[in-house]
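Each chain, written out:
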Amino acid sequence: MATPNGLARIETHGTTKKHENGVCHDDSATPVRAQTIDELHSLQRKRSAPTTPIKDGAASPFAAALSEEERHRQQLQSISASLASLTRETGPKVVKGDPARKGEAAAKGAPVTPQKHHQHHHPAAPTIAVSDSSLKFTHVLYNLSPAELYEQAIKYEKGSFITSTGALATLSGAKTGRSPRDKRVVKDEAAAQELWWGKGSPNIEMDEHTFLTNRERAVDYLNSLDKVFVNDQFLNWDPENRIKVRIISARAYHSLFMHNMCIRPTDEELESFGTPDFTIYNAGQFPCNRYTHYMTSSTSVDINLARREMVILGTQYAGEMKKGLFGVMHYLMPKRGILSLHSGCNMGKDGDVALFFGLSGTGKTTLSTDHNRLLIGDDEHCWSDSGVSNIEGGCYAKCIDLSQEKEPDIWNAIKFGTVLENVVFDEHTREVDYTDKSVTENTRAAYPIEFIPNAKIPCVGPHPKNVILLACDAYGVLPPVSKLNLAQTMYHFISGYTAIVAGTEDGIKEPTATFSACFGAAFIMLHPTKYAAMLAEKMQKYGATGWLVNTGWSGGRYGVGKRIRLPYTRKIIDAIHSGELLTANYKKTEVFGLEIPTEINGVPSEILEPINTWTDKAAYKETLLRLAGLFKKNFEVFASYKIGNDSSLTDEILAAGPNF
Ligand SMILES: Nc1ncnc2c1ncn2[C@@H]1O[C@H](COP(=O)(O)OP(=O)(O)OP(=O)(O)O)[C@@H](O)[C@H]1O
Ligand SMILES: O=C([O-])CC(=O)C(=O)O
Ligand SMILES: [Ca+2]
Ligand SMILES: [Mn+2]
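Residues numbered from 1 in each chain as written. Chains lettered and ligands numbered in written order. Predicted model: local features only at pLDDT ≥ 70, side-chain atom pairs only at ≥ 80, totals over all residues. Heavy atoms only, no water.

Asker: Which parts of the structure should I look at to understand the overall build of the protein chain?
Answerer: Secondary structure summary: the protein chain contains 17 helices and 34 strands in total. Considering only intrachain contacts with a sequence separation of at least 6, the fraction spanning at least 24 residues in the protein chain is 72%. Put simply, the protein chain shows about 30800 Å² of open surface, and 53% of that area lies on carbon and sulfur atoms. (Helix = DSSP H or I, 4+ residues; strand = E, 2+ residues; numbered from the N terminus. Contact = heavy atoms within 4.5 Å. Areas by Shrake-Rupley, 256 points an atom, 1.4 Å probe, with all protein chains shown as cover.)

Asker: When you look at the site of ligand 2 in this model, what are you seeing that I'm missing?
Answerer: In the region of ligand 2, the neighbouring residues are Arg 178, Tyr 317, Lys 322, Lys 323, His 342, Ser 360, Asp 379, Arg 444 and Phe 523. A distance of 2.8 Å separates an oxygen atom of ligand 2 from a polar atom in the side chain of Tyr 317. Starting from 260 Å² of accessible surface for ligand 2 in isolation, the protein chains cover 94%. The residue inventory of the shell around ligand 2, partitioned by class, reads two nonpolar, two polar and five charged. (Near = heavy atom within 4 Å. Polar contact = N/O pair within 3.5 Å; in protein donor to acceptor, adjacent residues only side chain to side chain. Nonpolar A, V, L, I, M, F, W, Y, C, P; charged D, E, K, R; others polar.)

Asker: How should the side chain of Lys 96 be read in this particular structure?
Answerer: Here Lys 96 shows up in strand β3 (residues 93-96). Nearest to the buried, unbridged Lys 96 among oppositely charged side chains is Glu 68, at 8.5 Å. There is a polar contact of 2.9 Å between the side chain of Lys 96 and the side chain of Gln 75. (Buried < 20%, exposed > 50% of the residue type's maximum accessible area, 1.4 Å probe, protein only. Lys, Arg positive; Asp, Glu negative; His and termini not counted. Salt bridge = Lys/Arg side-chain N within 4 Å of Asp/Glu carboxyl O.)

Asker: Would you take a moment to explain the pairing of strand β10 (residues 243-249) for this structure?
Answerer: On a regular strand, one side chain projects to one face of the sheet and the next to the other, so that they alternate. Most of β10 sits out of view: six of its seven residues are buried. As paired strands, strand β9 (residues 227-235) and β10 are joined by seven bridges and run antiparallel to one another. Bridging from a neighbouring strand, Leu 235 pairs with Ile 243 of β10. Where β10 and strand β11 (residues 278-283) come together, five bridges link them in parallel fashion. The residue of β11 that forms the bridge with Arg 246 is Thr 279. (Pairing = 2+ DSSP bridges.)

Listed below in structure tokens is the structure:
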């Protein structure tokens, strides 16, 4: 069809339109039912339907069922109490909703009159605002959904972007890892008695008053903001030992991270949430004050077990929240006879459970995420008389050099809803370059556990059959796998060895041995032998077998040899799960006295004995002795401790180390 200027008329896809007298009546859809653009926008969003119908008195067994409004009021009251200053008269006036959406906030929840805390000091007189902070509202964004948190992050937090697969890429600021030297624990009378203090302990003391000073600093900072995020969630999938946690934070990134990492309550569970068992005040963008007693930097991560509170100042690294709560579980659970573990955990189709212990970067997440097995969890578990339970609701995978081929399940979990920390991506396509270490080597993905297709929900399982201790040995002298007796398992559990080489860009660096008791000394609260005794007792009672797996170097130390190929490690792990290794032939190594199998399906036999893979045999011997010496030296401090009621076990454990 030619037009006067010679150009063809553009035809659209809507070819079903009727042409009458050359006039196109676009009547294919009914017009929108809105008179204004605001009305149109209001049509777009509907109110989430409450999943629990409001119980009316007659139908409900609970005669005094609360009205929705009353429940709402109580929820805000509870948040106001959490955010209350301890030095001023009242809690803040809290209101739900985004301050940027004026008008809507009021519809979502009326402001709550702050609760008085020291009423006896201030009788009947009408309250007069004594500070600017009591004149303003604290806007609370309560348990937002991932979509809402994405919008908050992208609108208000620099460095937040959607990647090509839909994950939320963000930056954790100046800190890209935890700050263990800035951790403080209130040493009151009870804590002085119960906790592990002194050399080797992760618990650095602070007093109650200093804690309150930092708490006040955090609370004032949070209340000075336009809005705060509040997450009410759970820890521990064992329903009898579930802990209610509240996380108050300033960043959507932190709220989404904890949404993914803690157990997400159903709407019904949320309505009856009540008072949390533990509260985190995350004021990470705000520093602590070095005039404050006990502060040695601008960062402080403070735990007060008596108050059931944690305060974060001066670090935005989200792992502090996850691991801070883990510390709390390491205190609460053993009190109930439950062992808390820095381990991954998965289960075979026949119900055989394996635990994977290991320090950071040794393979807990990588090896527990196994396409042929059900994932119970990747990092934190409890072992009680009824079996194992995951503490968390999500996984936190390292993603440096992540590949689709080697770790398909983790790769596919990086999608809408996942937080991607400190990764580098193409500014246009938003494709992530997982090899890029420009921001940090510790790039991470935090996703809800159900993003792994074979997650075991609920995340609980029967008693473990195998206990796998992972060490990434950059010295290259530990065998890829060895079978341990109980005393050896305890020896290696208490030692908690790994040697990873950090900062690989600065040329070849010496491997440095790290010994971290219970494969997580940074998180334990009691003396390591307490956890070790519990582990020994449980392994004996339920007949679990211990294994030591080296996921590190082979064919020479770091710089000479290579890291053991992941497919080989997977085959080794398969052979442990299947029981193949229980019946294999073994030979004992020199110095460490480890039982190593002579053959494993799918693994070249020569790599099973490290000396075979070293060309320089003298260097092998020397390195082996060097590492053995480090083990010995590290264990000296434990020699004077008794493990369990049976001193014969203690003697056996002491004898289970290297002999030379
Ligand atoms: N043979 C191997 N076995 C296990 N992991 C390997 C191996 N070779 C390379 N890797 C890599 O090592 C890293 C192991 O990290 P992983 O996230 O599993 O550590 P983690 O033990 O879960 O630590 P964290 O407690 O810090 O989360 C992954 O990046 C993985 O790809
Ligand atoms: O806590 C972190 O930052 C990551 C982790 O899992 C560990 O270090 O064990
Ligand atoms: Ca992990
Ligand atoms: Mn960990």
